[in-house]
Amino acid sequence: MTVVVFGASGQIGHFLLPRLRARGEPVIAVSREPHADSEGVRWVRGGLPDAVPTLSAVSAIVSYGPLQPFARWLAAAAPTGSPCVVATSSMSAQSKAASEVPAEREIARQLQQGEAELVAACEVLGCAWTVLRPTLIYGAGSDKSLTPLARRAMRTRAFPRPIGGGLRQPVHADDIALATLAAIDRPADRVLMLGGGERLTAGDMFARVQRSLPMATLPLPVPTWLLRLVRHAVPRLRGPLARLDADLVADNSELERLLDVHPRPFRPDARCWEPG
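No experiment lies behind these values; they were computed from the predicted model shown.

Each helix and strand in the chain was counted, giving 10 helices and 13 strands. A compact globule built from 276 residues would reach a C-alpha radius of gyration of about 19 Å, and the chain, at 19 Å, matches this within 12%. The principal-axis extent of the C-alpha atoms belonging to the chain is close to 60 × 40 × 35 Å. When the 276 residues of the chain are sorted by exposure, 49% land in the buried category. Taking the intrachain contacts of the chain between residues at least 6 apart in sequence as the baseline, contacts between residues at least 24 apart amount to 76%.

Here it is as structure tokens:
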């Protein structure tokens, strides 16, 4: 089985490539930047949707990048042999759909449209498919959510701790890689939510991140009145701060039933915040 991976240099690809090599499956990794080939992995330069070189017959195609460009490339390339397709979307397709911030509602709309376009392309091509909707991703030191908080705290020796009662369900990037392998082996032909193996409040999540750091940092509780002030003063933070008391969780029941994947609980350590 030869597997094509778009986004192989990202945080999920960081864990997927070694797992594919361990299975003895040749990998064609597509990236906008040049990379040196390694055992079992051939890198090719390309960008979605219309700058991807012609690929030889493959058994599976994985995409960890934007859904719409991938769906449009897939429809136009029409790869032979009806390869299995696995792609990641985001739980933002649900959690941001009713956001008070127009830009976030647009993100949700684009994600939903990308999912629909990908499903339509797969059905036309006769490809089995699975779309994974992960929650907040961590584990490879390259996410845009928890890693920046952890690194800033290590630089400043202080950790701001917003008070939030909404539930969170962080998912390790390696668990998404495991779900990808399972979906290659037994495609679900549906969109599957993918959250971590534990639900905890936003405040507890931040506390665990702080405890995982390799040095002591001063906890700085952020009061509600200050959060309200920042929410109105800094437009780009309006959405995230508004969701501190909202539950952003996933129902893993279909993931577990169809793919037999059981994500780990949220137990971060210092390696989670190191560059990959």
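This brings us to the side chain of T130. Its location among the elements puts T130 in strand β6 (residues 129–134). Apart from residues lying up to four places away in sequence, T130 is in contact with V85, V86, A87, A183, P187, A188, D189, R190 and L192.

Glancing now at the state of the cysteines. In a disulfide, the sulfur atoms of two cysteines are covalently bonded to one another. Summed over the entire model, instances satisfying the criterion amount to zero disulfides. Of all cysteine sulfurs, the one in C127 lies closest to C122, which takes part in no disulfide; the gap is 5.2 Å.

With that out of the way, let us pick up the environment of Q68. Note that Q68 resides in helix α2 (residues 67–77). Residues Q68 and Q113, spaced 45 residues apart in sequence, show a C-alpha to C-alpha distance of 7.3 Å. For Q68, the residues in contact, after removing those within four places along its chain, are Q110, Q113, G114 and E117.

Okay, the nonpolar core next. The tendency in soluble globular proteins is for nonpolar side chains to be buried as a group. The biggest cluster of nonpolar side chains holds 35 residues, and the ones touching the most others in it are V5, L16, V62, L132, L255 and L259. In terms of residue count, the dominant contributor to this core is helix α6 (residues 173–185) (eight residues). The residues contacting L16, other than those within four sequence positions of it, are V5, V62, Y64, A177, T180 and L181. Grouped together as the second largest cluster of nonpolar side chains are 23 residues, V4, L67, V119 and W129 included.

In a beta sheet, neighbouring strands are held together by backbone hydrogen bonds and run either parallel or antiparallel to one another. On the basis of which strands lie adjacent, the open sheet formed by seven strands has the order β3-β2-β1-β4-β5-β6-β11 and parallel pairing. The open sheet is flanked by β3 (41–45) and β11 (190–194), the only strands paired with a single partner. Strand-to-strand twist in this sheet, taken as the mean axis angle between neighbours without regard to direction, amounts to 20 degrees. Relative to β11, β6 runs parallel, the two being bridged by five bridges. Across the sheet, the residue bridging to P134 is L194, located in β11. Against the sheet, α2 engages β1 (3–6), β4 (60–63) and β5 (84–88), with an angle of about 165 degrees to β5. Packing of helix α4 (residues 102–125) onto the sheet brings it into contact with β5, β6 and β11, and relative to β6 it is tilted by some 165 degrees.

Glancing now at the pattern of salt bridges. Counted by the stated rule, this structure contains 14 salt bridges. Across the pair R72 and E117 runs a salt bridge, and its minimum N-O distance is 2.9 Å. Of the two residues, R72 is situated in helix α2 and E117 in helix α4; the sequence distance between them amounts to 45 residues. Salt-bridge contacts for R243 lead to E104; the nearest nitrogen and oxygen are separated by 2.5 Å.

Parameters and conventions
- Residues numbered from 1 in each chain as written.
- Predicted model: local features only at pLDDT ≥ 70, side-chain atom pairs only at ≥ 80, totals over all residues.
- Heavy atoms only, no water.
- Helix = DSSP H or I, 4+ residues; strand = E, 2+ residues; numbered from the N terminus.
- Rg over C-alpha atoms; globule rule 2.2 N^0.38 Å.
- Buried < 20%, exposed > 50% of the residue type's maximum accessible area, 1.4 Å probe, protein only.
- Contact = heavy atoms within 4.5 Å.
- Disulfide = S-S within 2.5 Å.
- Core = buried A, V, L, I, M, F, W, Y, C linked by side-chain atoms within 4.5 Å.
- Pairing = 2+ DSSP bridges.
- Axes fitted to C-alpha atoms, helices over the stretch in contact; angles between N-to-C directions.
- Salt bridge = Lys/Arg side-chain N within 4 Å of Asp/Glu carboxyl O.

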